[in-house]
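Structural overview for review
Here are the chains, one letter per residue:
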Amino acid sequence: MSTHARFSTGRAAYIMPGLPFISAGTSWKQNSSISSPTDSWISPSAPPSCGGIFDYDHKFDQLSAVSRELEDPKVWDNAERAQELSKEKKSLEDVVVVLDKVADGLKDADELFTMARDENDDDTLNSVAADIDEIEKEVAKLEFRRMFNNPADPLNCFVDIQAGAGGTEAQDWASMLLRMYVKYGDRKGYTVDVLEVSDGDVAGIKTATIKLSGDYCFGMLRSESGIHRLVRKSPFDSNARRHTSFCSVFVYPEIDESFEIDKTDSAVRITHVPTGIVVQCQADRSQHRNRAEAMAMLKSRLYEAEIRKRQAEQQKLEDSKTDIGWGHQIRSYVLDQSRIKDLRTNVECGNTQSVLDGDLDQFIEASLKQGF
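The present account deals with the structure reproduced in this document. If you're wondering where the values come from, they're calculated on a predicted model, not measured in any experiment.

A closer look at the overall build of the protein
Helices and strands together make up the secondary structure of the protein, namely 8 helices and 11 strands. Counting every atom, the protein has about 19,300 Å² of accessible surface; 47% of that belongs to carbon and sulfur.

Shown next as structure tokens:
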């Protein structure tokens, strides 16, 4: 059986026939329950051409074709095409190379398992179990990536944060959210750029925009769009009373070459090609200021269009632009009770500081798995 033909099922643990289920820390003794090849996770007769949930065969062929095309020096005469091919190659390698590594790891584990079982070597058996656990983690990451079915998911993204109801409390909450998403980007190894911050009247910020660059930034963060509610004893209240604040978060992808900009004297007209949305500004004699204003207008129009689209198609995300307050929340952060709960997935966490330090994985994974 060829290496790539082995990937006819979804989990790494299901790929290698003859290797029974084991987990680290278990005491291993040779017995009939692990000596029979019928204890394997799948049948060795599984058809090699069925492709599997990762579609390995097709991606393997695609990767070979893209690699051959990139080896042609003439491809670099078209820089745009070369960049597209390079991105495609990396995307394919993220599946093919990892699965090849999994195959090699399982082959080694199978050989070590057989040898250690025959020699009744508990230490080696436990080492094999630990290796299998690591392999399963790698395949679990691939399975998670399969949830990214939006064409924009692999792209960089922007995150807009806007303080809502709650005055100074809400503006302080907005600054906490800004810090949380910057920390999240750092945890993930993304490049994070703070593009715009509007300071609050007393503390915190009114609005902010950050850009996160890296693999699947938009796919990872798109489910964060919505209203985030904070409940805490206010540090700005001399009586330390409980206050509730709201902030809007909106996440949208960076789309390359999506604008057509027409300039006449100082007037600027911008067309967003994917949606056909057109904005125009000629309020100022400065073309630079008019362009900045037009981009701000376009961003607002795109925001509204995205909200309407999500309401029509999914009816799961509320129009956070019109009412940043009660009844429009996706997540509640109740700090004085050490509880953060996602109201869509019911995922709850008691380690509030860890979440505010950017540990959002459990919330993001749950929301993606449920289709948000």
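Focus: the packing of helix H2 (residues 79-118) against helix H3 (residues 122-145)
The N-to-C vectors of H2 and H3 enclose an angle of 160°; their axes lie 10 Å apart at closest approach. Comparing their axes, H3 and H2 come out roughly antiparallel. In this structure, the crossing between H2 and H3 has a hand that is left-handed. Facing H2, whose interface residues are Asp-94, Val-95, Val-98, Leu-99, Val-102, Gly-105, Leu-106, Ala-109, Leu-112, Phe-113, Ala-116 and Arg-117, H3 presents Thr-124, Leu-125, Val-128, Ile-132, Ile-135, Glu-138, Val-139, Leu-142 and Arg-145.

Quick look at the pattern of salt bridges
Tallying each qualifying case throughout the model produces 18 salt bridges. The closest approach of N and O atoms between Lys-90 and Asp-215, which form a salt bridge, is 2.6 Å. Residue Lys-90 is found in helix H2, and its partner Asp-215 is found in the loop between strand S3 (205-213) and helix H5 (217-221); the two are separated by 125 residues along the sequence. As a salt-bridge pair, Asp-118 and Arg-117 come within 3.8 Å of each other at their nearest N and O atoms.

A look at the sheet that holds strand S5 (residues 242-253)
Strand order in this open sheet of 8 strands is S2-S3-S1-S5-S4-S9-S10-S11, and the pairing throughout is mixed. The open sheet has two free edges, formed respectively by strand S2 (191-199) and strand S11 (348-349), since each of these has just one partner strand. Here strand S4 (residues 226-233) runs beside strand S9 (residues 329-334); their pairing, made up of 5 bridges, is parallel. Across the sheet, residue His-228 finds its bridge partner in S9, namely Arg-331. Docked against the sheet, helix H4 (residues 168-188) engages strand S1 (157-163), S2, S3, S4, S5 and S9, running at close to 45° with respect to S5.

Some words on the packing of helix H1 (residues 56-71) against H2
Two numbers describe how H1 lies on H2: the axes approach to 9 Å, and their chain directions differ by 140°. Accordingly, the angle class assigned to the pair H1 and H2 is oblique. Our pair here, H1 against H2, has a crossing hand that is left-handed. Residues Tyr-56, Lys-59, Phe-60, Gln-62, Leu-63, Val-66, Ser-67, Glu-69 and Leu-70 of H1 lie in contact with H2, whose contacting residues are Arg-81, Ala-82, Leu-85, Ser-86, Glu-88, Lys-89, Leu-92, Glu-93, Val-95, Val-96, Leu-99 and Asp-100. Among the residues forming the contact of H1 with H2, the class breakdown is 11 nonpolar, 3 polar and 7 charged.

A closer look at the state of the cysteines
Under the counting rule described, the total for this entry stands at 0 disulfides. Unpaired in this structure, Cys-157 has its nearest cysteine sulfur neighbour in Cys-217, at a distance of 5.2 Å. The exposure class of Cys-157 is buried, given its relative accessible area of 0%.

Side note on a negative patch on the surface
Side chains of Asp-104, Asp-108, Glu-111 and Asp-131 sit close together on the surface and give a patch of like negative charge. Top contributing element to the negative patch by residue count: H2, with 3 residues. Here Asp-104 shows up in helix H2.

Details of the pairing of strand S7 (residues 267-272)
Buried residues dominate S7, accounting for 5 of its 6 residues. Two elements, S7 and strand S8 (residues 277-281), share 5 bridges in a ladder whose sense is antiparallel. Bridged to Ile-270 within S8 is Val-279. Between S7 and S8, which follow one another and run antiparallel, lie 4 residues, and Gly-276 among them has a positive phi close to 80°.

Observations concerning the nonpolar core
Counting residues in each nonpolar core, the largest one holds 43 residues, and the members touching the most others are Val-159, Leu-177, Tyr-181, Leu-212, Leu-221 and Tyr-333. Ranked by residues supplied to this core, first place goes to H4 with 9 residues. In this view, Tyr-333 contacts Trp-173, Leu-177, Met-180, His-228, Arg-229, Leu-230, Val-231, Arg-339, Ile-340, Val-355 and Leu-356; residues no more than four positions away in its chain are not counted. If you look at the next biggest cluster of nonpolar residues, it comprises 23 residues, including Tyr-56, Val-66, Val-95 and Ile-132.

Overview of the packing of aromatic side chains
Tallying each qualifying case throughout the model produces 6 aromatic pairs. Note on Tyr-56 and Phe-60: the rings are 5.9 Å apart at their centroids and 25° apart in plane angle, and the pair reads as stacked. Here the residue Tyr-56 and the residue Phe-60 both occupy positions in helix H1, the gap between them amounting to 4 residues, near one helical turn. By relative accessible area, which is 1% here, Tyr-56 ends up buried.

Notes on helix H8 (residues 361-369)
Taken residue by residue, H8 has Phe-363, Ile-364, Ala-366, Ser-367 and Leu-368 as its buried positions. Positive phi appears at Gly-371, one or two residues downstream of H8, with a value of about 85°.

Things to note about the environment of Asp-215
Residue classification places Asp-215 among the partly exposed residues on the basis of a relative accessible area of 35%. Spatially, the C-alpha atoms of Asp-215 and Pro-154 are 5.7 Å apart, while their sequence positions differ by 61 residues. Once residues lying within four places of it in the same chain are set aside, the contact partners of Asp-215 are Lys-90, Asp-94, Arg-145, Pro-154 and Tyr-190. Polar side-chain contacts of Asp-215 include one of 2.6 Å to the side chain of Lys-90.

What counts and what doesn't
Residues numbered from 1 in each chain as written. Predicted model: local features only at pLDDT ≥ 70, side-chain atom pairs only at ≥ 80, totals over all residues. Heavy atoms only, no water. Helix = DSSP H or I, 4+ residues; strand = E, 2+ residues; numbered from the N terminus. Areas by Shrake-Rupley, 256 points an atom, 1.4 Å probe, with all protein chains shown as cover. Axes fitted to C-alpha atoms, helices over the stretch in contact; angles between N-to-C directions. Parallel < 35°, antiparallel > 145°, perpendicular 65-115°, else oblique. Left-handed = near helix turned anticlockwise from the far one by under 90°. Contact = heavy atoms within 4.5 Å. Salt bridge = Lys/Arg side-chain N within 4 Å of Asp/Glu carboxyl O. Pairing = 2+ DSSP bridges. Nonpolar A, V, L, I, M, F, W, Y, C, P; charged D, E, K, R; others polar. Disulfide = S-S within 2.5 Å. Buried < 20%, exposed > 50% of the residue type's maximum accessible area, 1.4 Å probe, protein only. Patch = residues over 30% accessible without salt bridge, like charges linked within 9 Å, V, L, I, M, F, W, Y side chains within 5 Å. Lys, Arg positive; Asp, Glu negative; His and termini not counted. Charge placed at Lys NZ, Arg CZ, Asp CG, Glu CD. Core = buried A, V, L, I, M, F, W, Y, C linked by side-chain atoms within 4.5 Å. Phe/Tyr/Trp six-rings, centres within 6.5 Å; stacked < 30°, edge-to-face > 60°. Polar contact = N/O pair within 3.5 Å; in protein donor to acceptor, adjacent residues only side chain to side chain.

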